[in-house]
Amino acid sequence: MSSGIQKTKSDFFDLTGFQRDLLWAIAHEGGAEYGLGIRESLEESGYDEIHHGRLYPNLDTLVRSGFVEKNELDRRTNEYALTDAGNELLADRQSWERGEA
């Protein structure tokens, strides 16, 4: 296994389960979504009510980690999208799950 894949795999495991689900939700929503849309997607997939105090600090952590980018849509709404690193992280994870990595 190359060192790049090991690092990416490690990065995935270093995230909390909720942060990993946030990445998958953003990817599932077409790659860019606003915070409340991400929350609704997760709640529809089985999460209990997700409060702002849980959602936005975790999104901010993913932004600081370089897996998600945040853009201001208006004064109250931000849009979140996966970065190339975020897309690579999920792709590497899927390869690993299939036994390809």
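Everything below is about the structure shown above.
Treat the numbers as computed from the prediction; the structure is a model and nothing was measured.

## Re the packing of aromatic side chains
Applying the stated rule across the entire model yields 1 aromatic pair. Taking 5.5 Å as the distance between ring centres and 75° as the angle between the ring planes, the aromatic pair formed by Phe18 and Tyr47 counts as edge-to-face. Of this pair, Phe18 sits in helix α2 (residues 17–28) while Tyr47 sits in the loop between α3 (35–44) and α4 (52–65), and the two are 29 residues apart along the sequence. Residue class for Phe18 comes out buried when judged on its relative accessible area of 5%. Tyr47 gets classed as partly exposed once you look at its relative accessible area, which sits at 22%. One residue, Arg54, lies across the ring of Phe18, its end atom 3.9 Å from the ring centre.

## Digging into the pattern of salt bridges
For the coordinates displayed, the defined rule picks out 2 salt bridges. Put simply, Arg39 and Glu43 hold a salt bridge, and the shortest N to O gap is 3.7 Å. One end of the pair is Arg39 and the other is Glu43, both in helix α3 and 4 residues apart, which spans about a single turn. Residue Glu43 is classed as partly exposed on the basis of its relative accessible area of 26%. Here Lys70 and Asp60 are joined by a salt bridge, their closest N and O atoms 3.3 Å apart.

## Considerations on α4
With 14 residues, α4 extends 20 Å between its outermost C-alpha atoms, agreeing within 8% with the 20 Å of an ideal straight helix rising 1.5 Å per residue. Listing the buried residues of α4 in full gives Leu55, Asn58, Leu59 and Leu62. Projected down its long axis, α4 shows its buried positions confined to an angular sector of 105°, all on one face. Turned more than 90 degrees off the buried face of α4, the exposed positions are Gly53 and Arg64. Contact partners of the buried residues in α4: α2, α3, β2 (68–72) and β3 (78–82). One or two residues past the end of α4 sits Gly66, with phi positive at roughly 90°.

## Brief notes about the pairing of β3
Note: β2 against β3, 5 bridges, orientation antiparallel. Paired with Glu69 across the two strands is Ala81, which belongs to β3. Where β2 folds back onto β3 in an antiparallel hairpin, the turn is made up of 5 residues.

## Considerations on the nonpolar core
Leu22, Leu23, Ile38 and Val68 are the most contacted members of the largest nonpolar core, which totals 19 residues. Among the elements of the structure, α2, α3, α4, β3 and α5 (84–97) are those that each provide at least two residues to this core. Contacts of Leu23, omitting those with residues within four sequence positions, involve Leu15, Leu62, Phe67, Val68, Leu82, Leu89 and Leu90.

The rules behind the values
- Residues numbered from 1 in each chain as written.
- Predicted model: local features only at pLDDT ≥ 70, side-chain atom pairs only at ≥ 80, totals over all residues.
- Heavy atoms only, no water.
- Phe/Tyr/Trp six-rings, centres within 6.5 Å; stacked < 30°, edge-to-face > 60°.
- Helix = DSSP H or I, 4+ residues; strand = E, 2+ residues; numbered from the N terminus.
- Buried < 20%, exposed > 50% of the residue type's maximum accessible area, 1.4 Å probe, protein only.
- Lys NZ or Arg CZ within 6 Å of the ring centre and 35° of its normal.
- Salt bridge = Lys/Arg side-chain N within 4 Å of Asp/Glu carboxyl O.
- Expected span 1.5 Å × (residues − 1).
- Arc of directions from axis to C-beta.
- Contact = heavy atoms within 4.5 Å.
- Pairing = 2+ DSSP bridges.
- Core = buried A, V, L, I, M, F, W, Y, C linked by side-chain atoms within 4.5 Å.

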